[in-house]
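Residue strings, one per chain:
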Amino acid sequence: MPTFARTALIVGGVASMGMLAIVLFYWPRLPYIVPQFFDATGDPNEYAAKYYLFVPPLALIAIWTGAYFSLRYPGWFRLPVRMNEHQIEVFKREGQILVSILLVELALGFVYVQWQTVRTALDESGGLGWFFPSFFLICLIGTAVYFTWRTITLWSKASNHRSSS
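From a predicted model like this one, the values you see are computed outputs, not experimental measurements.

Some words on the side chain of T120
- By the secondary structure assignment, T120 is in helix α3 (residues 85-121).
- Polar contacts involving the side chain of T120 include one to the main-chain carbonyl oxygen of Q116, which spans 2.7 Å.
- Apart from the residues within four sequence positions on either side, T120 is in contact with P35, F38, P44, S125, G126 and G127.

What to know about the nonpolar core
- Counting residues in hydrophobic clusters, the biggest one holds 12 residues: I22, V23, Y26, W27, L30, V34, A48, Y52, L53, V118, A121 and L122.
- Listed by contribution, the elements that provide at least two residues to this core are α1 (3-26) and α3.
- No other element matches the 3 residues that α1 contributes to this core.
- Excluding anything up to four places from it in sequence, I22 contacts W115 and V118.

Considering the packing of α1 against α3
- Axis separation between α1 and α3 bottoms out at 9 Å; the angle between their running directions is 15°. When the interaxial angle is binned, α1 and α3 end up roughly parallel. Two packed elements cross with a definite hand, and for α1 against α3 that hand is left-handed. Between α1, through F4, A5, A8, L9, V11, G12, A15, M19, I22, V23 and Y26, and α3, the contact on the second element is made entirely by R93, Q96, I97, S100, L103, V104, A107, F110, V111, Q114, W115 and V118.
- For the contact of α1 with α3, the class distribution of residues is 18 nonpolar, 4 polar and 1 charged.

What counts, and at which threshold
- Residues numbered from 1 in each chain as written.
- Predicted model: local features only at pLDDT ≥ 70, side-chain atom pairs only at ≥ 80, totals over all residues.
- Heavy atoms only, no water.
- Helix = DSSP H or I, 4+ residues; strand = E, 2+ residues; numbered from the N terminus.
- Polar contact = N/O pair within 3.5 Å; in protein donor to acceptor, adjacent residues only side chain to side chain.
- Contact = heavy atoms within 4.5 Å.
- Core = buried A, V, L, I, M, F, W, Y, C linked by side-chain atoms within 4.5 Å.
- Buried < 20%, exposed > 50% of the residue type's maximum accessible area, 1.4 Å probe, protein only.
- Axes fitted to C-alpha atoms, helices over the stretch in contact; angles between N-to-C directions.
- Parallel < 35°, antiparallel > 145°, perpendicular 65-115°, else oblique.
- Left-handed = near helix turned anticlockwise from the far one by under 90°.
- Nonpolar A, V, L, I, M, F, W, Y, C, P; charged D, E, K, R; others polar.

Listed below in structure tokens is the structure:
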């Protein structure tokens, strides 16, 4: 497994444990009702019992587990197109990079949301802040658009490599 993939898995694992640590540390001080969802401006708009705070870390652990298997065993996942050996290696590497970047982005986003949820429940904050929802979506969509462009570019290069061989 490449170093960047290991690093992403470490970040995701530490983020998951950090989210659980935040909840456990503040548990005695938390009110019974905490924010569950935030609107597009970052303000809380739905509430739940404080036990809900265990859902995001568990969701990140599930995402981390999926990322682990896709990074550790990239050959398990098949594309619905025929590729030559060069194309397969290029797309395995690019897929690992994409999954690694998305895992880090999601992990950092989850930690921020968990932290702000706890702070909002304790009346130390008014929500996520107006910038976070837009910034987070721009990061995720930007990554997807970049890798779509990169995949198209690499596909044509790998196809040319096959025809010149």
